[in-house]
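# Understanding the architecture of this molecule
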There are 2 protein chains.
Amino acid sequence: MSSLIFNKFWKAAIVVIGNEILIGRVLDTNSYKIAKMLTMIGYDVTEIRKVRDDVEVIAKTIKELMLDNGVIITTGGLGPTYDDLTAEALAYAVGSPLCLKDDALEMVRERLEKMGLKLDDTRKKMAIIPCISVPIPNPVGVAPGIALFTPRTKIFSLPGVPKEMEAMMEKYVLPILEKENLMVRAEACERLEGVREADIAPMIAEFAKEHPEIYVKTHPGIENGKSFVKLCIMASAESKEEAERRAKSLLKNLLNRIAQSGAL
Amino acid sequence: MSSLIFNKFWKAAIVVIGNEILIGRVLDTNSYKIAKMLTMIGYDVTEIRKVRDDVEVIAKTIKELMLDNGVIITTGGLGPTYDDLTAEALAYAVGSPLCLKDDALEMVRERLEKMGLKLDDTRKKMAIIPCISVPIPNPVGVAPGIALFTPRTKIFSLPGVPKEMEAMMEKYVLPILEKENLMVRAEACERLEGVREADIAPMIAEFAKEHPEIYVKTHPGIENGKSFVKLCIMASAESKEEAERRAKSLLKNLLNRIAQSGAL
């Protein structure tokens, strides 16, 4: 596909780092939240990968995703423990040495002071980041995030603690990415009672083919023994209002078509 | 690492398929549940990938993961709609043609009859699977799963509906995988009040190095303004009882070491 929407610039990938995710001890909700945030400001999330606390694996993953994506968000691996390896892996992935950065150290010291804690060698580790990167302030916890921009990819590494990730996405990452993009998205949904997915599937397929620039999705369900299908359309435009108008208009269009087909 | 635990045979990867995951409309919990199930019966989940409803992307993902994993579980993309592409992508990934299989068709017909629905062309699609694969019965929904074994990798494709995925893992997939493996895992945890991760980090690192065959993880938290760290050890053995014994014994060992260090 060669439309603007699939240009690498708008493509984003998310990397969730942490053994605890892969052994099923912790349910990752960060990637879901980040995927939603990026999608609503017009980016296309191409892939989400969850990998172990392993420098080579993390570095290889970032390198691969850099080929096809203009934005990479990683979560996890920025703390003071032995299995926090993101800074090192990121440095390895982009071929940069690591530096103990003054501004990062100041951020760590300031946050620790607010909590009445002292700066020791273990905690200093959180200020060692790729020399070509800059630290992202953490308004909730201690570990700074890392922002590293190469000519074609912006990489943002954030802590895995959900509240810290959300605060840093809202305050730092999204404002940067919103400035860059041209589009926003909006969604319109309708619930069709007594309908099954398979009954309307051919019409959905046809409509999706005619409108490659939107997302159409059917969500089947059962309530009180009766089946229903939730039908959603997501459209893009340069403003929120226009995106909402388009989504509603296309949904109405599709619902008319379904009604006329006799499937309802 | 060349110990048995990292042999490809015990390595598993999970692929979650569905645009709705990548646009942040739906929170995926399937990969978390499957990761836990596989880990407890002794498998090592190396990676979880979430990809779009795109035949080439799904096929490429499966092909890549087949290189390093003895087991691949996919979820999603088995329904009757136009964006259900898993069977096709799987066929493409392993170089097999697609076949409308009698046993798969019978499964679909039987499940539809139980729901008082008829078999039409749209629904027949759910019985078109790689010729070299076999259908997995779906005791909850309609779409059969797909089991495809190559000389070095077992691939199981399951529906994305959580209840269907869980039933098919329990009844079909886990029994096959349990028969194959030699190990199970068990976990022991302890909550340390008034402790911070960074304070015990060096001891955790040392212990982890001395015991590469276990998982050690610290989970920080705050309750009523006081910090705590939950410390967990996961160990493997040939029986559940032995695995539990080992996990408890190693945890006790580590707690003693922490107590003696004065960090508490």
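Look above for the structure.
What counts as what
- Residues numbered from 1 in each chain as written.
- Chains lettered and ligands numbered in written order.
- Predicted model: local features only at pLDDT ≥ 70, side-chain atom pairs only at ≥ 80, totals over all residues.
- Heavy atoms only, no water.
- Helix = DSSP H or I, 4+ residues; strand = E, 2+ residues; numbered from the N terminus.
- Buried < 20%, exposed > 50% of the residue type's maximum accessible area, 1.4 Å probe, protein only.
- Contact = heavy atoms within 4.5 Å.
- Areas by Shrake-Rupley, 256 points an atom, 1.4 Å probe, with all protein chains shown as cover.
- Lys, Arg positive; Asp, Glu negative; His and termini not counted.
- Charge placed at Lys NZ, Arg CZ, Asp CG, Glu CD.
- Least-squares fit on C-alpha atoms with pLDDT ≥ 70 in both.
- Disulfide = S-S within 2.5 Å.
- Pairing = 2+ DSSP bridges.
- Salt bridge = Lys/Arg side-chain N within 4 Å of Asp/Glu carboxyl O.
- Buried area = accessible area lost by both parts, 1.4 Å probe.
- Polar contact = N/O pair within 3.5 Å; in protein donor to acceptor, adjacent residues only side chain to side chain.

Attention now moves to the overall build of chain A. Helices and strands together make up the secondary structure of chain A, namely 9 helices and 11 strands. Counting only C-alpha atoms and orienting by the principal axes, one finds that chain A spans roughly 70 × 40 × 35 Å. Of all 264 residues assigned to chain A, the portion counted as buried reaches 56%. For chain A, the proportion of contacts with a sequence separation of at least 24, taken over those separated by at least 6, is 69%. As displayed, chain A has an accessible area near 11,700 Å², and 53% of this comes from carbon and sulfur atoms. Each charge class in chain A can be summarised by its mean position, and for the 36 positive and 37 negative side chains these summaries are 2 Å apart.

Moving on: the relation of the copies chain B and chain A. For the match of chain B to chain A, the screw axis carries a shift of 0.0 Å, the RMSD comes to 0.0 Å, and the turn is 180 degrees. This pairing of chains is accounted for by a two-fold axis. The rotation axis passes nearest to the C-alpha of B:R49 in chain B, at a distance of 2.2 Å. Looking at the interface residues of chain B, 100% of them are also at the interface in chain A, so both copies use one shared face.

This part is about the state of the cysteines. Residues and elements named next belong to chain A. Applying the stated criterion to the full structure yields 4 disulfides over all chains. Here C189 is linked by a disulfide to C232, with a sulfur-sulfur distance of 2.1 Å. One disulfide, between C189 and C232, carries an S-S torsion of 110 degrees and so falls in the right-handed class. Taken as a pair, C189 in strand 9 (residues 184-193) and C232 in strand 11 (residues 226-237) lie far apart in primary sequence, 43 residues in all. Exposure remark for C189: the relative accessible area of 31% places this residue in the partly exposed category. For C232, a relative accessible area of 2% gives the class buried. Each bonded cysteine in chain A gets a number by its place in the sequence, and the pairs come out as 1-2, 3-4.

Another point: the pairing of strand 7 (residues 145-149) of chain A. Moving residue by residue along a regular strand, the side chains alternate between the two faces of the sheet. Residue and element names in this part refer to chain A. Taking burial as the measure, the 5 residues of strand 7 include 4 buried ones, the bulk of the element. By the bridge criterion, 3 bridges tie strand 6 (residues 134-136) to strand 7 in an arrangement that is antiparallel. Each residue of the ladder has a partner; that of V134, found in strand 7, is A147. One ladder, built from 4 bridges, connects strand 7 with strand 8 (residues 154-158); its direction is antiparallel. Bridge pairing in strand 8 links F149 to K154. Counted between consecutive antiparallel strands, the loop separating strand 7 from strand 8 contains 4 residues.

According to the stated counting rule, one finds 42 salt bridges over all chains in the structure shown. Residues B:R185 and B:D44 are paired through a salt bridge, measuring 2.4 Å at the closest nitrogen-oxygen approach. Of the two residues, B:R185 is situated in strand 9 (residues 184-193) and B:D44 in strand 2 (residues 44-51); the sequence distance between them amounts to 141 residues. Among the residues examined, B:R185 registers a relative accessible area of 1% and is labelled buried. Residue class for B:D44 comes out buried when judged on its relative accessible area of 4%. For B:R191, the salt bridge identified is with B:E223, shortest N-O distance 3.1 Å. Separated by 32 residues along the polypeptide, B:R191 in strand 9 and B:E223 in strand 10 (residues 215-223) bring together distant segments of the chain. Each of A:E47, A:R49, A:K60, A:E64, B:E47, B:R49, B:K60 and B:E64 takes part in salt bridges that share partners, so that together they form one network.

Once that is clear, we can look at the side chain of A:E20. Structurally, A:E20 can be placed in helix 1 (residues 19-22). In this view, A:E20 contacts A:R25, A:V26, A:D53, B:K217 and B:H219; residues no more than four positions away in its chain are not counted.

The subject of this paragraph is the interface of chain B and chain A. Tallying the contact residues gives 52 residues for chain B and 52 residues for chain A. In total, about 4,400 Å² of surface goes out of reach between chain B and chain A, with carbon and sulfur atoms giving 55% of it. On the chain B side of the interface with chain A, the three residues burying the most area are B:I23, B:R25 and B:Y82, jointly 15% of the side's total. There are 10 salt bridges connecting chain B and chain A. In this structure, B:E187 engages A:R25 in a salt bridge whose closest nitrogen and oxygen atoms are separated by 2.4 Å. Linking chain B with chain A are 10 residue pairs in polar contact (both at pLDDT 80 or more). Counting only elements with at least two residues in the side of chain B that touches chain A, the list comes to helix 1 (19-22), helix 2 (30-40), strand 2, helix 6 (121-124), strand 9, helix 8 (197-210), strand 10 and strand 11 (226-237) of chain B. Two elements, strand 2 (residues 44-51) of chain A and strand 2 of chain B, share 5 bridges in a ladder whose sense is antiparallel. Each bridged residue has a counterpart across the sheet, and for A:V51 the counterpart in strand 2 of chain B is B:E47.

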